[in-house]
Structures are given as structure tokens and as C-alpha cells.
Amino acid sequence: MAPRKTRTTRTRNRLLAVAAIGVGAALIAAPAMANGIGPFSRTAAPAVSTGAAAVPNLALNKATTGTASCRTGETPAKAVNGTLDGGLADKWCSSVRRPSLTIDLGGTFDLTSVTVDHAESGGEAAVMNTRAFDIRVSTDGQKFTTAAQVRGNAKAETVSTVNVSAQYVQILVRTPEQRRGGAARIYEVSVAGADQSTAPTPSTDPTPSSNPTATPTAEPTPTSSAPTATPTKTTQPTQTAQPTQCHSDAPATLTDYISDHKDALTRVSCNADVAVYFDNDLKAQAASSTAWISPFATDVWKYMKSAYGACATDRKLAAPVGPGCENFGAPKPALFFLHKGKHGGGTVNNRFDANSGFRTTIDAGDGSWDQNNGTIHDVLVHEACHQVEGASQGTHESPAFPIWGDSKWAEFCVHDFYANTGRTADAERTLKLFSGGKDNLPAGAKNAAWFRDWFLPLWEENGKSADVMERYFGLVAQYFPTRTENDGKNLIYTRRMNAGEYVLFTSAAAGKDLSARAAQAFDSGFSQAQFDQARKDFPQLKF
């Protein structure tokens, strides 16, 4: 048998070259590409005679965690073991909704580049190469920021310049294969950089990014008025179970500050993602009948952070609006204020609202909180979707609100959540329910079938995922006009969109002209003249 190959020589030479480029030595021309990375040959780069010290692969054999593996043996450690040719199992593979791989470098380093070897590097088909992913970094393993994004990749290997100081490097996969769906297959991750000449902090296992698991904790299967089947029962924590310490935004008791509610609330659970509060009537309900609520609320908010928590442009958000743009201000949790027999339906305050203490808050009420009540499951997800439209991308408000109302966008969001967290019966139910809906939106439209003719095709054509709407919100944050609010602590959109602008931004997110589809779906609610003017007003938007 031939000896097992390693990447030592190739990696050392290539990282030397990348480091030289990173410090300004124009010794190797790295042509720009549309996906934002510079290509390097698969053969070893020539030695760089600059006198610079060799740059090691900082990720080699370091502590690594990741989302669930496809098979036993395809573990995160395989992505940092220094080899490419150990067979098809010599990789990390993950098929969850949003795969992520996190490497603890063992200390803080000045990073210059991150190299990722995809499926083809290990001998698999090129169609399995990772198409889109983010490189995120952190100093503490908790709060991550995006250092580089790769989009439209088809190559076996990508090299991304980062130029940032960090201890943790995370690969967050957006589109795992060239075709939609599939699994992330990473054969090797190499990180180039220099020691800051400070004592490294002890290496600890990083906390994986907030991603929902393939099998959610609880799986309700309700209809709009009653469940289609009894939900799968799982062992749940009691509603009084508490961690050692909750976030300071989530005290043990609160008075409801949403609208004019003013109810006394008691925290019944909290974790790194959510804090759940019951009013006195709900608290009096049998704990066994409400044990599903906290796990479900956690699944909902973790998914929203995973699907919509990135920021296309870095917003510097000062306290108390901060601490940062991504993940809706995490580690600050989302607060769920829940009522029995009052305040029917739901409403929200978000991280930009002073009256809520700049806390992400979802307030909902219903007469029954039994796990078989499908309506209240939908309400909780629906209100989380309002948080996305009003507070994602580190920017306040929803310019499209008069276009899609309350809320055709939420139908996309709710259905996508169920479909991508393993809640198949709910996904099928909402597909049927939403497909039959018709509304006189936007203004001038008559009986527009928003979900059937607009959002469902968008979802299906873009991998049956949230990605197209995440891109939409990112484009709006980058290009739609804003002003400052809260004494300059954050930005808020200055005005609402018209229908032509909305269709233009959605076209740019989808990568194709959707004006003809809009004319068919919205009829007189869509103006081609508005769309044409919007193209002139926002020339940055391409498709």
C-alpha cells in the first residue's frame, strides 16, 4: 500500500505565500474572483525568498467541534488532521440544516488566511464541493463575527484572506453542495497566521454555533385548529428547572411591558438562547402539560439565529442595543412572555425598543397551552418571524411591512421553520393552509395568492431554505436608506418601500428578474414603472 500522503509541504509553501501577500509583499498575483476569493494552484506554491519565518498551520490537530456528523468516523477532528488522502472517511461531514465547524486554535493569533479543502480534494465528485459558506472568528468561542464570505464556489480548494486576530475559527456552511440540499464535506481546514507573542489562553472546547439539530426536542403536528396527529412525546425538563445563572436581561420576575399588559410574570426556564416567562394563570397549569413550551421556544429562536442571524454589513451597535450585529444581540436571550386566557395572539418588542429595555421580546396568549394546540405553536413562530423582519442585520424596522402586511412574509418563515427542523406534518399542514390564502396586498391587488404564487416558488427555487430571504434582508440593510436613532446607537430605515422597490430587492436576492412573476401574482398591486425607477435608484442591485 502506498504511504499515506500528508499536506505538510504543500500547506507550508502555500501558507508562506499567503502570509507574504497578507503583509503587503506583492510576490504572487492572486486574481480576484466573483466569489471573493483568490485562486491558488493545486500544486505546491513556490518558496518565497523574503526571509519571513515559515507560517505554521495553526489549525493542525487543534480541538474542533461541529454539528452532527453524517456517519460515525466523519468527525470534526478529521478536518484538522493534516491529511487529504486517507480515504472518503478522512473528512468532516454534516447534513444538518446549517452545518458548522469550530476550531479552537489554543490561543489568540493574527490570522491572515483560511484554506478549506472540499469534497473534490478527497476524491469525491466536484458537484459535492461546498458552494457557499462564511468564515467566522471569535476571541471567546461565544460571540462570532464574519471575517470572509465565499459564494458561488465550485473549486476543490478555497483560500480566503481574513486579516483578523482571533482564537476560534468557524466554518458556517450556507450551501453545502453545487446542487441544492446535500451535506457539507470538508476534508481539511488550514489557518495561517502569526503568534501575538502573548501567552496563549488555555484551550477549551468551543461552544458550537447556535444551530438547530436535525431532530428537534419536540415535534408538534397541529392543524390550524387541531393537530393532525398526536405529537411525538419526548422527555422534557420540568418548567421550574433553572441553569446556574441566567442572563441579566432575564430576571426571575418581571412586569409585562408589552403594550398595556402589565401582568406579573415569573421566569420558568432560561438557557443560552431564551428565557420563558409565564403569567400566574399559565403558571398554575399542570407542569406536565406545559413542559413542551421551553424546548419549542428554544428551537424556534435557535433556528432564527441560524437562518437569519448573519450580517451582510457589520453594524457597530453600542450598549445597550449591542453587543453586536449578528444573532440579534446574542448572548442576550429572547424573552417569551406567555399568558393563559388573555392577550390572545401575539406581539413583539425588539432589541431597538427602549420601552423593553432593548430586549428581544415575544408576547403571546391563548386559552390552551396543551402541546396538541396547533394554533399557539404557529403564533410563537410567527412572532419570532416579526423579530427577523424588524431587527435582523442590526437595523431597525421593516420597509416592506405595507407590502406584505401582517404577514405574508411570516408564512414563508413559519413554513420554512417547520420544513427545516424535521416537523414534517406541520410543514405539510402549513403548505396546504397558506397555499389557499388570498389577500388584497400590496395596495391595489385583488385576491393575491402570496404564498402560492410568490413565496413558495422563491422557497422551492432557492433550496427550500431561508437563504433567499436572508439575502433579501442583507441587501436591504446595505442599500435601503437609513438614519440613526437611540442617540446614534443604531440605524433605522427612513421610509417604507413601494411595491416596485420590494420586487427589485427580492429579484436581487433571488438572482433573477421577478417583475413578470410579480405582475402575475399581484396584478394591479405591482407597477412596472415603479420597478424600472427602482432599478435606476438602486444601481448596486444586480441579477
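Everything quoted here is computed from the prediction, not taken from an experiment.

Scoring rules and cut-offs
Residues numbered from 1 in each chain as written. Predicted model: local features only at pLDDT ≥ 70, side-chain atom pairs only at ≥ 80, totals over all residues. Heavy atoms only, no water. pLDDT = per-residue confidence, 0-100. Contact = heavy atoms within 4.5 Å. Pairing = 2+ DSSP bridges. Helix = DSSP H or I, 4+ residues; strand = E, 2+ residues; numbered from the N terminus. Axes fitted to C-alpha atoms, helices over the stretch in contact; angles between N-to-C directions. Parallel < 35°, antiparallel > 145°, perpendicular 65-115°, else oblique. Left-handed = near helix turned anticlockwise from the far one by under 90°. Salt bridge = Lys/Arg side-chain N within 4 Å of Asp/Glu carboxyl O. Buried < 20%, exposed > 50% of the residue type's maximum accessible area, 1.4 Å probe, protein only. Disulfide = S-S within 2.5 Å.

Looking at the confidence of the model for the chain
Then, in step 1: On average, residues of the chain carry a pLDDT of 82, and 80% of them reach 70 or more.
Then, in step 2: Confidence drops under a pLDDT of 50 for residues 1-54, and excluding neighbours within four residues, the segment shows 84 contacts in the predicted structure.
Then, in step 3: Contacts from residues 198-243, a stretch scored under 50 in pLDDT, to residues over four places away or in other chains number 114 contacts.

Brief notes about the sheet that holds strand β16 (residues 482-485)
Then, in step 1: Strand order across the open sheet formed by 3 strands is β15-β17-β16, with mixed pairing between neighbours. The open sheet has two free edges, formed respectively by β15 (395-396) and β16, since each of these has just one partner strand.
Then, in step 2: Of the strand pairs in this sheet, β15 and strand β17 (residues 490-493) are connected by 2 bridges, and their pairing is parallel. Residue Thr-395 lies in a different strand from β17, and its bridge partner there is Leu-491.

Structural notes on the packing of helix α11 (residues 499-510) against helix α13 (residues 528-537)
Then, in step 1: Interhelical geometry of α11 versus α13 gives an angle of 60° and a closest axis separation of 7 Å. Classified by the angle their axes make, α11 and α13 are oblique. Seen from above, α11 lies across α13 with right-handed handedness. Contact residues: α11 offers Ala-499, Gly-500, Glu-501, Val-503, Leu-504 and Ser-507, while α13 offers Gln-530, Phe-531, Ala-534 and Arg-535.

Topic: the pattern of salt bridges
Oppositely charged side chains can form a pair if their charged atoms are brought close together.
Then, in step 1: Across all of its chains, the model carries 22 salt bridges by this definition.
Then, in step 2: Put simply, Lys-305 and Asp-273 hold a salt bridge, and the shortest N to O gap is 2.7 Å. Highlighted residues: Lys-305 in helix α4 (residues 293-308) and Asp-273 in the loop between β10 (264-270) and β11 (274-279), separated in sequence by 32 residues.
Then, in step 3: Lys-305 gets classed as buried once you look at its relative accessible area, which sits at 5%.
Then, in step 4: The class of Asp-273 is buried, set by a relative accessible area of 8%.

Brief notes about the state of the cysteines
Then, in step 1: Inspection of the entire model under this criterion finds 4 disulfides.
Then, in step 2: A sulfur-sulfur distance of 2.1 Å marks the disulfide that ties Cys-70 to Cys-93. Note on the Cys-70 and Cys-93 pair: the S-S dihedral is about -65°, so by sign convention the disulfide is left-handed. Of this pair, Cys-70 sits in the loop between β1 (64-66) and β2 (92-94) while Cys-93 sits in strand β2, and the two are 23 residues apart along the sequence.

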